[in-house]
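Architecture and fold: a report
Here are the chains, one letter per residue:
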Amino acid sequence: MAEQKRQSYDVIVVGSGASGGWACKRLAEAGLKVALLEAGRPQSDKNFTEHKPAFELKYHNKAPEIIRKTRPIQIKFGVCNEYTYNWFVNDLEEPYTTPADKPFNWMGRLRITGGRTNVWGRVSLRFCDWDFKSASQDGYGEDWPLSYKDVEPYYDLVEKYVGITGSAEGLEHLPDGQFQPPVPLTCQETLFRNRVKEKLGRTVMPSRNANLTKPLNGRGPCHYCGPCERGCMTHSYFNSAFTTVADALGTGNCTLISNVMVHKVLMDPERNRARGVLYVDRVTRQSREISARVVILCAQSQESVRILLNSATPQYSNGLANSSGVLGHYLTAHVRSGGGSGEFPALGAKASLGAPVKPLGIYIARFRNLRNDPPYKKFLRGFGYEGGSSTKFNWGAPGFGEAYKKALREPRTSIDITGFGEVLPRWDNFVELDPDVKDIYGIPVLKIHMSDGENERAMIQDMGDSAGEMLEAAGAKNIRTYAHPSAPRWALHEAGIARMGADPKKSVLNQFQQTHDIKNLFVMDASGFTSNPCQNPTLTIMSLAVRSCDYLMSEMKRNSI
Ligand SMILES: Cc1cc2nc3c(=O)[nH]c(=O)nc-3n(C[C@H](O)[C@H](O)[C@H](O)COP(=O)(O)OP(=O)(O)OC[C@H]3O[C@@H](n4cnc5c(N)ncnc54)[C@H](O)[C@@H]3O)c2cc1C
Ligand code: SF4
């Protein structure tokens, strides 16, 4: 630690996930000295267990109650299991609170290099200008202070490096990218795609995912073993731990400081500049300071905003860089509690316990409130679906003996689809510091206030109804649909609580994710999103981080930071 204090850094990056990994890579490769502060421990290929059978685990992955003792929230999403649970935050040691009538499941809180990209679903979709300018179209909320043309070259750059498999579909509202060859659809998915197009005019495509189908920068193509959330020894999916962060460290310009929980940004009030950060060493529990010319927060939306709220000073008494008063407000996520499933003919598919597994399926592009269509009456904005087909043994077969064994092997093939919908940014969905609760490091925790509005409720209902409509159009049997209220929320795509905007009175960040108030303080995760379109956010998070780093370096060269 003493050594870290002596070294001088140009930039501090907090968090090594999707955004922090890219910030470090871009800046360190350009020659800047970067200190990467990460709350979690280092990640290593030795931790990857994608090929390990469950019977080699102590509890055969069958004792969730053991994991629930320390991760009662994280375990609500299946990717936190006996293989991976110690990558996740201990919910008891690092809690958050909610009002009693607004439960919120803050899941996917990782504490390891790479953050959420260790376990993410990898669906990678571009936003379009209707997303960036949606307020101008339907009158709700604010436009982003940038347009598709500004981000397009960065989408290209990031996609080429990350490796996104996908098919060009020519959709204006879901722009094509720099794709690796798509993973082919199964027979049932092809049938579904063709019939849904023919009967309803909607586009079903192979999912666009950060899984390689061709070698890239020393990473091997996917060999379809299945459980990417347990790591990948061939580095075939994108995880910032073995891509962007590894590249940054490889330059010799980036120092990874693991197991440190950043508490607050430290200010030089005379010059109105950030001078560094205060962090707590998670092992020794000692507090330390580290300084640099620029501070970039990439700790994931709620965590970055928590740091800003904890950094209040006499000058910024309601949170650092919060002269607008909007810091913490306009929390959005995605609603994903409507969808459906139906059975299809097996078409030659057989159930197997050892066959290759596709780590991705289909994506159904948004079809509500598109440009040139009359506005959909029931709600604003739209949703897409993730899904895919699967063929399983007929576990519910009746009978016994030889007849049962035969019936069990009769394959049951189905398609499942789940909607992912845009949540409107609302002032009354917000985070604040809980004055009464601290984590085990003594840092005040967040209280999260989040609930659905009318728009979300109507959208969820339509997700269920439209899933039924498409499955029926495709000829599925035994169709089941669902449309539950989304509270308690399943939050994996949170955004918007330090939003970007052209007007400093209504926003925290400018279009380069630089705080309006403090020129050498940036927030490069999704907290800057002005709205949260239905496409999954991470491709845009990464592309914007690179764009903002380029701006940051040009400002440093001009000495204006
Ligand atoms: C199960 C799951 C599935 C997902 N699927 C998809 C998908 O298909 N497509 C998609 O686009 N997105 C998906 N996401 C979301 C995606 O993972 C995130 O959008 C993305 O990783 C966010 O990047 P980030 O840099 O903001 O934060 P993270 O990747 O979460 O990284 C933040 C890092 O900051 C560290 N940190 C936090 N607080 C502090 C602190 N105070 N001090 C120091 N370090 C700190 C954390 O330990 C963590 O390593 C999924 C997420 C989950 C959990
Ligand atoms: S399915 Fe592919 S990307 Fe996923 S862990 Fe296996 S090889 Fe890696």
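Presented here is an overview of the structure given in this document.

Rules behind the numbers
- Residues numbered from 1 in each chain as written.
- Chains lettered and ligands numbered in written order.
- Predicted model: local features only at pLDDT ≥ 70, side-chain atom pairs only at ≥ 80, totals over all residues.
- Heavy atoms only, no water.
- Helix = DSSP H or I, 4+ residues; strand = E, 2+ residues; numbered from the N terminus.
- Buried < 20%, exposed > 50% of the residue type's maximum accessible area, 1.4 Å probe, protein only.
- Contact = heavy atoms within 4.5 Å.
- Areas by Shrake-Rupley, 256 points an atom, 1.4 Å probe, with all protein chains shown as cover.
- Lys, Arg positive; Asp, Glu negative; His and termini not counted.
- Charge placed at Lys NZ, Arg CZ, Asp CG, Glu CD.
- Polar contact = N/O pair within 3.5 Å; in protein donor to acceptor, adjacent residues only side chain to side chain.
- Expected span 1.5 Å × (residues − 1).
- Near = heavy atom within 4 Å.
- Nonpolar A, V, L, I, M, F, W, Y, C, P; charged D, E, K, R; others polar.
- Pairing = 2+ DSSP bridges.
- Axes fitted to C-alpha atoms, helices over the stretch in contact; angles between N-to-C directions.
- Parallel < 35°, antiparallel > 145°, perpendicular 65-115°, else oblique.
- Left-handed = near helix turned anticlockwise from the far one by under 90°.

**Structural notes on the overall build of the protein chain**
Scanning the protein chain from N- to C-terminus turns up 12 helices and 20 strands. Overall size of the protein chain, expressed as C-alpha extent along the three principal axes, is 80 × 55 × 45 Å. A burial count over the protein chain gives 61% of its 561 residues as buried. Excluding contacts between residues fewer than 6 apart, the proportion of contacts in the protein chain whose partners are at least 24 apart in sequence is 72%. As displayed, the protein chain has an accessible area near 22,200 Å², and 52% of this comes from carbon and sulfur atoms. In the protein chain, the 69 positive side-chain charges and the 59 negative ones have mean positions that sit 3 Å from each other.

**With respect to the environment of Q511**
Tracing the chain through its elements places Q511 in the loop between β19 (489-491) and β20 (521-523). With 57 residues separating them along the chain, Q511 and E454 place their C-alpha atoms 30 Å apart. Ignoring any residue separated from it by four or fewer positions in sequence, one finds Q511 in contact with P145, L146, M500 and R547. Only 2.5 Å separates the side chain of Q511 from the side chain of R547, close enough to count as a polar contact.

**Observations concerning helix α11 (residues 454-473)**
For α11, spanning 20 residues, the distance from its first C-alpha to its last is 28 Å, which sits close to the expected 28 Å at 1.5 Å a residue. Once α11 ends, the next one or two residues include G475, with phi positive near 85 degrees.

**Re the site of ligand 2**
Surrounding ligand 2, one finds N211, C222, H223, C225, G226, C228, G231, C232, S236, Y237 and P359. Tallied by class, residues from the shell around ligand 2 come to 6 nonpolar, 5 polar and no charged.

**Some words on the site of ligand 1**
Lining the immediate environment of ligand 1, one finds 38 residues, of which S19, E38, G121, V123 and T538 sit closest. Within the backbone of R122, an N or O atom sits 3.0 Å from an oxygen atom of ligand 1. Contact distances for ligand 1 include 3.4 Å between a nitrogen atom and a side-chain N or O atom of N536. In isolation ligand 1 has 1,000 Å² of accessible area, and contact with the protein removes 97% of it. Looking at the shell around ligand 1, the elements with two or more residues in it are α2 (18-29), β8 (260-268), α9 (301-310) and α12 (538-557). The dominant element in the shell around ligand 1, judged by the number of residues it contributes, is β8, at 3 residues. Counted by class, the shell around ligand 1 contains 20 nonpolar, 12 polar and 6 charged residues.

**Here's the deal with the pairing of strand β15 (residues 412-422)**
The side chains of a regular strand alternate, residue by residue, between the two faces of the sheet. Along β15, 9 of the 11 residues are buried, which leaves the element largely enclosed by surrounding structure. Relative to β15, strand β11 (residues 334-335) runs antiparallel, the two being bridged by 2 bridges. Looking across to β15, one finds that V335 is bridged to G421. Across 6 bridges, the pairing between strand β12 (residues 338-344) and β15 is antiparallel.

**Here we look at the environment of S341**
Relative to the assigned elements, S341 resides in strand β12. A relative accessible area of 8% means that S341 is categorised as buried. As a C-alpha pair, S341 and N478 span 137 residues in sequence and 8.2 Å in three-dimensional space. Beyond its immediate sequence surroundings of up to four residues, S341 is in contact with I415, D416, L471, N478, I479 and R480.

**Comments concerning the side chain of S531**
Within the secondary structure layout, S531 lies in the loop between β20 and α12. When its relative accessible area of 4% is taken as the criterion, S531 is described as buried. Side chain to side chain, S531 and W144 meet in a polar contact 2.8 Å long. Ignoring anything within four residues of it in the chain, the contact list for S531 reads D131, S134, W144, R381, E422 and P425.

**Observations concerning the packing of helix α6 (residues 148-162) against α12**
At a minimum axis distance of 8 Å, the contact between α6 and α12 shows a crossing angle of 115 degrees. Classified by the interaxial angle, the pair formed by α6 and α12 is roughly perpendicular. Considering the relative orientation of α6 and α12, their crossing is right-handed. When α6 is examined against α12, the residues D150, V151, Y154, Y155, L157, V158, E159 and V162 are found in contact with a partner set consisting of L539, T540, M542, S543, L544, V546, R547 and D550.

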